[in-house]
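# Summary of structural features
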Amino acid sequence: MTLPSFVRTRGGMLVGLVMLGAIGFELRTVAGMLFGIDLPAAPYFIGMVAILSIVGVYLDVTRSTSPDTAT
Amino acid sequence: MSTQTDQPSFVDRYPEEAAVVRRSLLVAFVMLGIGALMGLVQALHRTNVLRIIDSADYYTVLTAHGVFLAIVFTIFFLVGLYQWAVTRSLDRSPVDIRFTHAWATMMTVGSLMAGAAILLGFIDEVPVSADVLFTFYAPLQAHPIFYAGLAIFIVGTWMAGADWFRTWLAWRKDNPDERIPLQTFMVLTTMIMWYVATLGVAVEVLVFLLPWSLGLIDSVDPLLTRTLFWFFGHPVVYFWLMPAYLLWYTVMPKIAGGRLFSDPLARVVFILFVLLSTPVGIHHQYVDPGIAQGFKFIAMTNTMFLLLPSLLTAFTVVASIEHGARQRGGTGLFGWLTALPWRDPAFTGMALAGLLFAAGGFSGMVNAGMNINYLVHNTLWVPGHFHLTVGTAVALTFMAGTYWLWPQLTNREIYSRPIALAQVVMWFGGMALMSNAMHVAGLFGVPRRTAEPQYSFDFPALFGTIGELRLQIAVGGTLLFISTVLFLSNLAFSLGTPKREGFGQTIPPALSGPEDSPAVLDNMKLWAAIAVVLVVLAYALPLGAIISDNGLFGVGIEPYPMLVRPLFDWAGATLAGLAEVIA
Amino acid sequence: MHIHSYEKLWLGMALLLIVGFIGTITYGTVGAGVQMVDDSGGNVEPGNVSEHEEFGEPGVEKVGENEYDVHVVARQFVFNPGSEVYGAIEVPVNSTVNFYVTSADVIHGFSIAGTNANTMVIPGEVAEITIETEETGEYGIVCHEYCGEGHHNMEGLLRVVPEDEYNGSTQ
């Protein structure tokens, strides 16, 4: 499969994952402030970090087996 | 980051000017290091995670954090960057480089005086202190060398501006029919704004606070001096922001692979800042007694119109980097985003800074909303807001810009690109955490500028817990500190990379050039005059009302020198020592 | 001057947004009646606060049917009344409460945590804010402006009690 070019590098992946993390973090605030949904902090953040790690590892593996790998 | 080209670099062409730029950046970064350390101490202290100081000393730390970062770091970076920008874009040296050295020296001396007054607050044996915070509201009183240092520093910046105007006038003589190059245009407009804005603080310090701290006058009016402070205190935020805008407009499109979208719009934006930056200061005083509601309303409408230049900037900068991305082969409605040079810390740093600036802009609109401001005034929301603006949009852009500029100033490559990338991303992540938590805590009523995490009552949390917000602030603050250390050490290691030739960079002309804009945009005298008129309109009546209510010097206001306690301690210790000797 | 058509559209939307913001604030002031703290409180000399007619004996005073005036003196690092040494401020629920706050020394802040009752307290000036007490309970009062090395100790308490429990004194 072809990956978007920015995840073809570890630098690009880092930027993308941290931005996803920030969005995930803000979503909990939105849920709490605007919709009154009180998501418990510890499970939410641990879950979020776990999902992002899995995505990161998956992308990294796909990246290094992809034929058009940039460095 | 600067990649190698075949052109001579800035330092090859202008070695003396490059030395001035390097020295200014050096002072800026030393202050960044000290200020960041203070920030870490605060973040851990007020969240009760780690306490290595007394709560009474927290305010010394806070004063140092505010003054070193918001005044010294930002402004020294500005003068370095602007010296580079004027020299580069006019392609000529200052009229007299000795004058350039003179202002750089004055600014350094002023900073050292004010800095010493602040830091001596930690040493009880020395009766010098300036625990008055960044805003130094009377009747809290600092040691005279704090005020004198500030005054000398500001006169230094005035001289810097005069130097750049002089260079421009000399260039104008040789090029009577040319449009002002964009970077020089930005420098000159910034300085016009600065001259207007600093009138407030100059009068406050030279007419009132300095004579008062020396005992020459007995009393000052707290409301009047505070109003003069905010006369300067809001435009100073644009003094931080405009160099960041200069980088976003002229450097960022280039490193994104393209060129600026519109030169005329960039000029319009800077002129709007000249006109609107100062007649808004009263929006910091929405809940001040003694100022009529009408004046607050005028400040509110001016402030809202000040959104315009930033919204225009959002358009122009995004359009410029989209153009760059498409030049690099990006396609699609949003697909071009993936074609941007995200591995380049200079680009990524500026882009992330811009992203958080958008968030900071929205929280700023809440602050500007006169009656909504009741909910957030002086809560932790406010530092949450300005850590996104000056703490990220400005500071992170400066750091990212340094990665691009530094090789051109030294002929040496940045030590490590991956560390630099991790650094800017870590700043983004740390700030997202800390600032979000501060905004939320502010909405729950947690005040700013306090050493203690908790009072004897509980703040009502609408969701989550106050404890978890504190933890987020502590973790975010720690990440920011680590990020600063990575930045400074990467730069320090860059002093040891081998010297090479050919780091020169050019900045491509805009897609829509200055010839598309009316020449009146370049009429500096006109814009300066309109700016002064707007300031007079906004401030004459409120200042007049305050003075007619309270007189120039207030009625029966006692000074509260912040060195009372250390002075007593010192006197007590001396007496005890004497007693011992006598016995 | 050449302006790209998208840019014109963006400029128009930006101006609309700005005018919209000003509109909401104007509505808040005129429609919803949220008044800003202003110069209506008058002036009082900080050194003479103790001799002032109202601030000499600060506290709660009934001035009308369901309406109360509360005079508060802020000084390093207490609110009188409000702080523990002077006793909490007590007012009945469902009433209009006018706070008059001044400072006897430096600049302080006065905010009722978790509400939008919030003002600066500046020596020489009297800050006047009016609140409606809608819910009973205890509300923390915070000094939110740095006022010296004991700033973090400066706090107070506002107690909003049911009408039948209100006994008309500060304690």
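Just so we're clear, the structure is a prediction, and the values are computed from it rather than from any experiment. (Residues numbered from 1 in each chain as written. Chains lettered and ligands numbered in written order. Predicted model: local features only at pLDDT ≥ 70, side-chain atom pairs only at ≥ 80, totals over all residues. Heavy atoms only, no water.)

### Some points on the overall build of chain B
Within chain B one finds 18 helices and 2 strands. Rg of the C-alpha trace for chain B: 24 Å, near the compact-globule value of 25 Å for 583 residues, within the 12% margin. Seen through its principal axes, chain B has C-alpha atoms that stretch 80 × 55 × 50 Å. Of all 583 residues assigned to chain B, the portion counted as buried reaches 64%. (Helix = DSSP H or I, 4+ residues; strand = E, 2+ residues; numbered from the N terminus. Rg over C-alpha atoms; globule rule 2.2 N^0.38 Å. Buried < 20%, exposed > 50% of the residue type's maximum accessible area, 1.4 Å probe, protein only.)

### A short note on the interface of chain C and chain B
The partner chain B presents 73 residues to the 59 residues of chain C that form the contact. Summed over both sides, the interface of chain C with chain B buries roughly 5700 Å², with 69% coming from carbon and sulfur. When the buried surface of chain C facing chain B is broken down by residue, Met36(C), Tyr146(C) and His152(C) rank first, second and third, together holding 14% of it. The interface formed by chain C and chain B includes 1 salt bridge. In this structure, the salt-bridge partner of Glu145(C) is Arg449(B), at a minimum N-O distance of 2.8 Å. Counting across the interface, chain C meets chain B through 22 residue pairs in polar contact (both at pLDDT 80 or more). Mapped by element, the contributors of at least two residues to the side of chain C that touches chain B are helix 1 (5–31), strand 7 (118–121), strand 9 (137–142) and strand 10 (155–161) of chain C. (Contact = heavy atoms within 4.5 Å. Buried area = accessible area lost by both parts, 1.4 Å probe. Salt bridge = Lys/Arg side-chain N within 4 Å of Asp/Glu carboxyl O. Polar contact = N/O pair within 3.5 Å; in protein donor to acceptor, adjacent residues only side chain to side chain.)

### Observations concerning the domain arrangement of chain C
Taken domain by domain, chain C consists of domain 1 (1–34) and domain 2 (46–165). Centre-to-centre, using C-alpha coordinates, domain 1 of chain C lies 37 Å away from domain 2 of chain C. (Domains from an automatic or database assignment.)

### Regarding the environment of Thr87(B)
All names here are of chain B. The residue Thr 87 is located in helix 3 (residues 58–90) in this model. By relative accessible area, Thr 87 is classed as buried at 1%. Between the C-alpha atom of Thr 87 and that of Glu 17, which follows or precedes it by 70 residues, the distance is 7.7 Å.

### Considerations on the arrangement of the chains
Ranking by contact count across 2 pairs of chains in contact places chains B and C at the top. There is no contact between chain A and chain C; across them, the least C-alpha separation is 14 Å.

### Concerning the interface of chain A and chain B
Each partner contributes residues to the interface: chain A has 21 residues there, and chain B has 23 residues. Buried surface at the junction of chain A and chain B, both sides included, amounts to about 1800 Å², of which 75% is carbon and sulfur. Among the residues of chain A in contact with chain B, Val15(A), Phe25(A) and Met33(A) are the three that bury the most area, contributing 29% of the side total. Linking chain A with chain B are 1 salt bridge. When the shortest N-O distance is used, the salt bridge between Arg28(A) and Glu468(B) registers 2.4 Å. At the junction of chain A and chain B, the tally comes to 4 residue pairs in polar contact (both at pLDDT 80 or more). Contributions of two or more residues to the side of chain A that touches chain B are made by helix 1 (10–35) and helix 2 (41–65) of chain A. Counting residues per element, the side of chain A that touches chain B draws most heavily on helix 1 of chain A, at 13 residues.

### As for the pairing of strand 4 (residues 89–92) of chain C
Residue and element names in this part refer to chain C. Here strand 4 shows a buried face lined by Ile 89 and Val 91 and a second buried face lined by Glu 90 and Pro 92. As paired elements, strand 4 and strand 10 share 4 bridges and run parallel to each other. In the sheet register, Val 91 faces strand 10, and the bridge partner there is Val 160. (Pairing = 2+ DSSP bridges.)

### Digging into the nonpolar core
The biggest cluster of nonpolar side chains holds 245 residues, and the ones touching the most others in it are Trp84(B), Phe136(B), Phe146(B), Trp164(B), Phe99(C) and Phe110(C). In this structure, Val44(C), Val73(C), Tyr100(C) and Val126(C) belong to the second largest nonpolar core, which totals 7 residues. (Core = buried A, V, L, I, M, F, W, Y, C linked by side-chain atoms within 4.5 Å.)

### Let's talk about a negative patch on the surface
Residue and element names in this part refer to chain C. Taken together, Glu 67, Glu 132, Glu 134 and Glu 135 make up a surface patch of like negative charges. With respect to the helices and strands, the residue Glu 132 is situated in strand 8 (residues 127–132). Classification of Glu 132 as partly exposed rests on a relative accessible area of 49%. (Patch = residues over 30% accessible without salt bridge, like charges linked within 9 Å, V, L, I, M, F, W, Y side chains within 5 Å. Areas by Shrake-Rupley, 256 points an atom, 1.4 Å probe, with all protein chains shown as cover. Lys, Arg positive; Asp, Glu negative; His and termini not counted. Charge placed at Lys NZ, Arg CZ, Asp CG, Glu CD.)

### Section: the environment of Ala292(B)
Considering the arrangement of structural elements, one finds Ala292(B) in the loop between helix 9 (263–276) and helix 10 (293–305). In the structure, Ala292(B) is positioned 162 residues away from Gln454(B) in sequence and 34 Å away in space, judged by C-alpha atoms. Discounting residues that sit within four places of it in the chain, Ala292(B) has contacts with Asp38(C) and Asp39(C).

### Here we look at helix 7 (residues 222–233) of chain B
Compared with an ideal rise of 1.5 Å per residue, which puts 12 residues at 16 Å, helix 7 of chain B spans 15 Å between its outermost C-alpha atoms and is within 8% of the ideal. Listed in full, the buried residues belonging to helix 7 of chain B are Pro222(B), Leu223(B), Leu224(B), Thr225(B), Arg226(B), Thr227(B), Leu228(B), Phe229(B), Trp230(B), Phe231(B), Phe232(B) and Gly233(B). For helix 7 of chain B, the secondary structure elements touched by its buried residues are helix 3, helix 6 (182–213), helix 8 (235–255) and helix 17 (524–550) of chain B together with strand 7 of chain C. (Expected span 1.5 Å × (residues − 1).)

### With respect to the side chain of Asn550(B)
Mapped onto the fold, Asn550(B) is located in helix 17. A polar atom in the side chain of Asn550(B) sits 2.7 Å from the side chain of Glu125(C). Ignoring any residue separated from it by four or fewer positions in sequence, one finds Asn550(B) in contact with Asp221(B), Leu223(B), Val555(B), Asn43(C) and Glu125(C).

### Here's the deal with the state of the cysteines
All names here are of chain C. Per the counting criterion, the structure on display carries 0 disulfides over all chains. With no disulfide of its own, Cys 143 has Cys 147 as its nearest cysteine by sulfur position, at a separation of 4.0 Å. According to the relative accessible area criterion, Cys 147 is buried, its value standing at 0%. (Disulfide = S-S within 2.5 Å.)

### Regarding the pairing of strand 5 (residues 96–103) of chain C
Residues and elements named next belong to chain C. Counting buried positions along strand 5 yields 7 of 8 residues, so the element is predominantly enclosed. Pairing of strand 2 (residues 67–75) with strand 5, which is carried by 8 bridges, proceeds in the parallel orientation. From the neighbouring strand, Ala 74 faces strand 5, where its bridge partner is Ser 103. Sheet topology places strand 5 next to strand 8; 6 bridges connect them, and they run antiparallel.

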